[in-house]
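A structural walkthrough
The chain contents come next:
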Amino acid sequence: MRPSVMRSAAQLLRRRNYSSASGQQARKVAILGAAGGIGQPLSLLMKLNPLVSSLSLYDIAATPGVAADVSHINSPALVKGFMADDQLAEALDGADLVIIPAGVPRKPGMTRDDLFNINAGIVKNLCTAIAKYCPNALVNMISNPVNSTVPIAAEVFKKAGTYDEKRLFGVTTLDVVRARTFYAGKANVDVNTVDVPVVGGHAGITILPLFSQATPSTNALSAEEIKALTKRTQEGGTEVVEAKAGKGSATLSMAYAGAVFGDACLKGLNGVPDIVECSYVQSTVTELPFFASKVRLGKNGVEEVLGLGQLTQFEKEGLEALKGELKSSIEKGVAFANLV
Ligand SMILES: NC(=O)c1ccc[n+]([C@@H]2O[C@H](COP(=O)([O-])OP(=O)(O)OC[C@H]3O[C@@H](n4cnc5c(N)ncnc54)[C@H](O)[C@@H]3O)[C@@H](O)[C@H]2O)c1
Ligand SMILES: O=C(O)C[C@H](O)C(=O)O
């Protein structure tokens, strides 16, 4: 963001004193896992977001340093760092949006589901605290395996009596970001103008980009090229994991994607019209209880879950092929959350 833009945003917010009358609300965002590979750049990007008035950075380690560092940036959000269990309540208190990139990332040779044993417990504990301290917050789940961690969160909230399906989101924006980038490169169109819906889930073949609905549309791509683009989008995460060779998975592109999705959620909360993003949410678009598709965001979170539109035969086959894996990932999450 240009300094002049930042300055004018800051001036605007000061003048308006975050008043709801002007439509500019004071918004508290909490990031859980804020000192991690994703957490740090995501904290930076959310600090730059003029819609954020208070930024709460929580992790089990290293947050004082990250918070001190980020807090020196001359943008409006007031930054506070919180570390360890006994500070989680204060970190979450009054949050409008909680973004969760807490948990372990993949190493080469692992699937996202291989992270389940560690990350399921982390997510369950954090969501138990969210239900207690900020039950009305929107929750953006980044921690993998997203196909299971979102159902875990839903079950935790149901048990606590706070579940609102409109407020829980699996962040699949990175799949959209990748599909846009790869499509623009192959179709030779300006990436700034590109959009590609990505539906299903967030792991391997459950990631289903709908290139037939990509805009701007092109007839220049052959069936083989569409197939290759689909595979590359589905394996984008693995491409990064292998390139990082044991040093983790996507962090910078994920922080960008998380910031884009977080910003869309805040705009929706603030009543900005026509905010549409793909996300993995409770859904009736297919027979699966959770599914990623385009979602219209509003003042209460999900305003409308949009359908799939017209699919090609290749996309229909991809949709049928993903259902088995997605169903068992959902069931695994639900079963885990309901263990005593
Ligand atoms: N949804 C997506 O598209 C997407 C993309 C990339 C990565 N991810 C996932 O995001 C997660 C984080 O990835 P990363 O690269 O930032 O990992 P990382 O190891 O660099 O950072 C994770 C952070 O979580 C913290 N943490 C662990 N337990 C915690 C707890 N109980 N409370 C708060 N913080 C806790 C750690 O201290 C660490 O700072 C992984 O599960 C990864 O698979 C998802
Ligand atoms: O691939 C991973 O393990 C991280 C993330 O889900 C991604 O898509 O980059």
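Thresholds, definitions, all that
Residues numbered from 1 in each chain as written. Chains lettered and ligands numbered in written order. Predicted model: local features only at pLDDT ≥ 70, side-chain atom pairs only at ≥ 80, totals over all residues. Near = placed C-beta within 6 Å. Helix = DSSP H or I, 4+ residues; strand = E, 2+ residues; numbered from the N terminus. Domains from an automatic or database assignment. Core = buried A, V, L, I, M, F, W, Y, C linked by C-beta atoms within 7 Å. Buried ≥ 20, exposed ≤ 12 C-beta atoms within 10 Å, placed from the backbone. Contact = placed C-beta atoms within 7 Å. UniProt positions renumbered as here; feature names shortened; annotations may be inferred. Pairing = 2+ DSSP bridges. Nonpolar A, V, L, I, M, F, W, Y, C, P; charged D, E, K, R; others polar.

A word on the site of ligand 2. In the neighbourhood of ligand 2, the contacting residues comprise P105, R106, R112, N144, L174, G236, G237, V240, V241, S249 and A250. Per element, the largest residue contribution to the shell around ligand 2 is four residues, and it comes from helix α9 (residues 236–244). Residues lining the shell around ligand 2 come from more than one domain, with at least three contributed by each of domain 1 (27–171) and domain 2 (173–332).

Counting residues in each nonpolar core, the largest one holds 96 residues, and the members touching the most others are I31, V98, I100, V139 and A153. At nine residues, the largest contribution of residues to this core is made by helix α10 (residues 252–269). Here this core spans two domains, since at least three of its residues come from each of domain 1 (27–171) and domain 2 (173–332). Residues contacting A153, with those up to four places away along its chain left out, are V123, C127, V139, M141 and L168.

What surrounds ligand 1 is a group of 34 residues, the closest being G33, G36, G37, A102 and N144. Contributing elements (two or more residues each) for the shell around ligand 1: β2 (54–59) and α5 (116–133). The element contributing the most residues to the shell around ligand 1 is α5, with four residues.

Moving on: the UniProt feature "domain: Lactate/malate dehydrogenase N-terminal" (unreviewed entry) in the protein chain. Under the UniProt annotation, "domain: Lactate/malate dehydrogenase N-terminal" (unreviewed entry) lies at residues 28–170. Between the end C-alpha atoms of residues 28–170 the distance is 20 Å, and the span holds 40% helix and 20% strand.

Attention shifts here to the UniProt feature "binding site: substrate" (unreviewed entry) in the protein chain. Using the residue numbers shown here, the UniProt feature "binding site: substrate" (unreviewed entry) corresponds to R106, R112, N144 and R178. Along the chain, the position of R112 falls in the loop between β4 (97–100) and α5. With respect to the helices and strands, the residue R178 is situated in helix α7 (residues 173–187). R178 gets classed as buried once you count the C-beta atoms within 10 Å, which come to 26. Contacts of R178, omitting those with residues within four sequence positions, involve T233 and G236.

Of note, the amide linkage connecting N144 to P145 takes the cis form, showing an omega dihedral of -5°. You can see P145 is positioned in the loop between β5 (138–141) and α6 (146–160). Geometrically, the link from T215 to P216 is a cis peptide bond, its omega value of -5° lying close to zero. Residue position: P216 is located in the loop between β8 (207–209) and α8 (223–234). Phi angles above zero are rare outside glycine, and N188 is one such case at about 55°. A tally of 8 C-beta atoms within 10 Å means that N188 is categorised as exposed.

With four bridges joining them, strand β10 (residues 290–298) and strand β11 (residues 301–305) adopt antiparallel strand pairing. Bridge pairing in β11 places R296 opposite E304. Between β10 and the antiparallel strand that follows it, β11, lie two residues.

We now examine the domain arrangement of the protein chain. Split into domains, the protein chain comes out as domain 1 (27–171) and domain 2 (173–332). Using C-alpha coordinates to define each centre, domain 1 is positioned 21 Å away from domain 2. On the domain 2 side, the residues contacting the 38 residues of domain 1 number 39 residues. At the level of elements, α2 (39–48), β4, β5, α6 and β6 (168–170) are the ones that each hand at least two residues to the side of domain 1 that touches domain 2. It is α6 that contributes the most residues to the side of domain 1 that touches domain 2, six residues altogether. Residues of the side of domain 1 that touches domain 2, tallied by class, amount to 23 nonpolar, six polar and nine charged.

Here G36 shows up in the loop between β1 (28–32) and α2. When the 26 C-beta atoms within 10 Å are taken as the criterion, G36 is described as buried. The residues touching G36, leaving out its near neighbours within four places in the chain, are D59 and P101.

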